[in-house]
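# Examination of the molecular architecture
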Amino acid sequence: MDKVIIVTGSSRGIGLAIAEGLAAAGATIVVSSTKEEKSKEVATRLAAEYGVKTLGVGVDVSDEASVKAMVDATMAAFGRVDVLVNNAGITRDNLLLRMSAEDWQSVITTNLNSVFYCSKAVLRPMLKQRAGRIITISSVVGQMGNPGQANYAASKAGAIAFTKSLAKEYGPKGILANVVAPGFIETDMIESLPEQYLNTIIESVPLRRLGQVSDIANLVSFLASDQSQYMTGQVLTIDGGLLM
Ligand SMILES: NC(=O)c1ccc[n+]([C@@H]2O[C@H](COP(=O)([O-])OP(=O)(O)OC[C@H]3O[C@@H](n4cnc5c(N)ncnc54)[C@H](OP(=O)(O)O)[C@@H]3O)[C@@H](O)[C@H]2O)c1
C-alpha cells in the first residue's frame, strides 16, 4: 500500500495493531502517542520488521497546536498524508452523580476534540491531493450507551455525527470518512474492568469472546485500501454481534 498514514495512539493496544497491519501492507506509518520515546521505539521496530518508512512523534491529541505540529512533521518527512486514523482515546468511568467535571472534560477533549483537531489538520493537504481517508475509532458504547460511561459514550457518539458531517462536506472533494465501532477488545483499556463484569459482557456476545486487536486492525486496513473506494459516512460495528 503506497500511502502515508498517521495513526494516533499507536504506541500500544488497538492503535499499535492498526499501525502494524498497515506497515505489513507496505504503508509509510506515523506512530504517535503522548510518549515521544515510545513512539520512536515502535516506529523504529516497524521500519526494521516490515522495511517501510516510519516516523515516531510525541503528541497530545487534545491540544490543537500539538496536533498541528504532528501533521507538519509528517508533511516535512513525507510530503503528503493519505490516511488519518483517529484512534487515541481514554476512559474515566464513573456513575453520573459521581462523575467530576474534570473527568467529563478530559474524555470529551481527548476523544472528541482530538477528532476535530486531527481531521481539520489533515484536510488541507488532502484537499490539495484531491484524495484522502479519515478513519475514526468510535465504540459500540457510542451507539448503545453504557452505565458508568456517560462521558465516553457521548464522546464516541459525537465522533460518529462528526464523521457523517465530514463525509457529506468533503465527499465531493474525494475525501472519504468512516467510523469503526469496536465492541469490547482485549487491551489495557478494559484491563481494570472487574472480571465478573467482563464475564457478563462475554455472555451477551453471540461469538462468546472479547475481540482481539487484530480484528479491528484488519477492518481498518480494508478501509485504508483501494478496495473500499465507494464507502463513506459509514459506521462499521465490529463486536462479535453484541449490538444488532
Ligand atoms: N479496548 C476496547 O475495548 C475498545 C472498545 C471500543 C473502542 N475502543 C477505542 O479504541 C481506541 C484505542 O483503544 P485501546 O483499547 O487500544 O486503548 P489503550 O490500550 O489504552 O491505548 C490508548 C492509546 O491512545 C494514546 N493516547 C491516550 N491519550 C492520548 C493523548 N492525549 N494524545 C495522544 N495519544 C493518546 C495512548 O498513548 P500513551 O501510551 O501515550 O498514553 C495509547 O497509545 C480508543 O479510541 C478507544 O476508545 C476501545
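Look a little higher up for the structure.
The paragraphs below set out a description of the structure included in this document. Keep in mind that this is a model prediction, so the values were computed, not measured.

### Observations regarding the sheet that holds strand β2 (residues 28–33)
As summarised here, the arrangement of the 7 strands in space is β3-β2-β1-β4-β5-β6-β7, forming an open sheet in which the pairing is parallel. Each end of this open sheet is capped by a strand with a single partner; those strands are β3 (54–58) and β7 (235–238). This sheet shows a mean twist of 15° between the axes of neighbouring strands, independent of strand direction. Pairing between strand β1 (residues 4–8) and strand β4 (residues 83–86): 3 bridges, direction parallel.

### Section: the site of the ligand
Taken together, 30 residues lie around the ligand, and Thr34, Asn87, Tyr152, Ile185 and Thr187 are the ones closest in. In the environment of the ligand, a nitrogen atom lies 3.0 Å from a nitrogen or oxygen atom belonging to the side chain of Asp60. A distance of 2.5 Å is found between an oxygen atom of the ligand and a side-chain nitrogen or oxygen belonging to Tyr152. For the ligand, the protein covers 94% of the area, taking 900 Å² as the surface of the free molecule. Among the elements of the structure, α1 (13–24), α6 (150–170) and α7 (188–191) are those that each provide at least two residues to the shell around the ligand. Taken together, the residues of the shell around the ligand sort by class into 12 nonpolar, 13 polar and 5 charged.

### Some remarks on the nonpolar core
Core analysis: the biggest nonpolar cluster contains 28 residues, and Ile5, Ile18, Leu22, Ile29, Val85, Val180 and Val220 have the highest contact counts within it. With 7 residues, the top contributor of residues to this core is α1. Other than its neighbours up to four places away in sequence, Val180 contacts Ile135, Thr136, Ile137, Ser138, Ser139, Ile216, Leu219, Val220, Leu223, Leu236 and Ile238.

### Considering the packing of α1 against helix α9 (residues 213–224)
The N-to-C vectors of α1 and α9 enclose an angle of 50°; their axes lie 8 Å apart at closest approach. In terms of orientation, α1 lies oblique with respect to α9. Considering only the axes of α1 and α9, their crossing is right-handed. The residues of α9 that touch α1, namely those facing Gly13, Ile14, Ala17, Ile18, Gly21 and Leu22, are Val213, Ile216, Ala217, Val220, Ser221 and Ala224. Taken together, the residues of the contact of α1 with α9 break down into 9 nonpolar, 3 polar and no charged.

### Some points on α6
Compared with an ideal rise of 1.5 Å per residue, which puts 21 residues at 30 Å, α6 spans 30 Å between its outermost C-alpha atoms and is within 8% of the ideal. For α6, the set of buried residues is Asn151, Tyr152, Ala153, Ser155, Lys156, Ala159, Ile160, Thr163, Leu166 and Ala167. Contact partners of the buried residues in α6: α4 (101–129), β5 (132–137), α5 (141–144), β6 (175–182), α7 and β7.

### Side note on the environment of Arg133
Inspection of the secondary structure assignment puts Arg133 in strand β5. Arg133 gets classed as buried once you look at its relative accessible area, which sits at 9%. Considering only alpha carbons, one finds Arg133 and Ile5, 128 residues apart in sequence, at a separation of 9.3 Å. When neighbours within four sequence positions are excluded, Arg133 is seen to be in contact with Lys3, Asp82, Val83, Leu84, Met126, Leu176, Leu223, Ala224, Ser225, Asp226, Ser228 and Gln229. A distance of 2.7 Å separates a polar atom in the side chain of Arg133 from the backbone oxygen of Leu223.

### Notes on the pairing of β4
Residues Val83 and Val85 point to one face of β4 and Leu84 and Asn86 to the other, with burial holding for every one of them. Examined bridge by bridge, β4 and β5 share 4 bridges and lie parallel to one another. Its bridge partner being in β5, Leu84 is matched across the sheet by Ile134. Crossover β4 to β5 through α4 is right-handed.

### Considerations on the packing of aromatic side chains
Counted by the stated rule, this structure contains 1 aromatic pair. On the basis of an interplanar angle of 45° and a centroid distance of 5.6 Å, the ring pair of Phe116 and Tyr117 is categorised as tilted. Take Tyr117: its relative accessible area is 16%, and that puts it in the buried class.

### Remarks on unusual backbone geometry
Its identity as a non-glycine residue notwithstanding, Arg130 has a phi of 55°, on the positive side. For Arg130, the position within the fold is in the loop between α4 and β5. The exposure class of Arg130 is exposed, given its relative accessible area of 54%. Although it is not a glycine, Arg208 adopts a positive phi angle of roughly 55°. Mapped onto the secondary structure, Arg208 falls in the loop between α8 (195–204) and α9.

Cut-offs and rules
Residues numbered from 1 in each chain as written. Predicted model: local features only at pLDDT ≥ 70, side-chain atom pairs only at ≥ 80, totals over all residues. Heavy atoms only, no water. Pairing = 2+ DSSP bridges. Helix = DSSP H or I, 4+ residues; strand = E, 2+ residues; numbered from the N terminus. Axes fitted to C-alpha atoms, helices over the stretch in contact; angles between N-to-C directions. Near = heavy atom within 4 Å. Polar contact = N/O pair within 3.5 Å; in protein donor to acceptor, adjacent residues only side chain to side chain. Areas by Shrake-Rupley, 256 points an atom, 1.4 Å probe, with all protein chains shown as cover. Nonpolar A, V, L, I, M, F, W, Y, C, P; charged D, E, K, R; others polar. Core = buried A, V, L, I, M, F, W, Y, C linked by side-chain atoms within 4.5 Å. Buried < 20%, exposed > 50% of the residue type's maximum accessible area, 1.4 Å probe, protein only. Contact = heavy atoms within 4.5 Å. Parallel < 35°, antiparallel > 145°, perpendicular 65-115°, else oblique. Left-handed = near helix turned anticlockwise from the far one by under 90°. Expected span 1.5 Å × (residues − 1). Right-handed = clockwise from strand over helix to strand, strands pointing away. Phe/Tyr/Trp six-rings, centres within 6.5 Å; stacked < 30°, edge-to-face > 60°.

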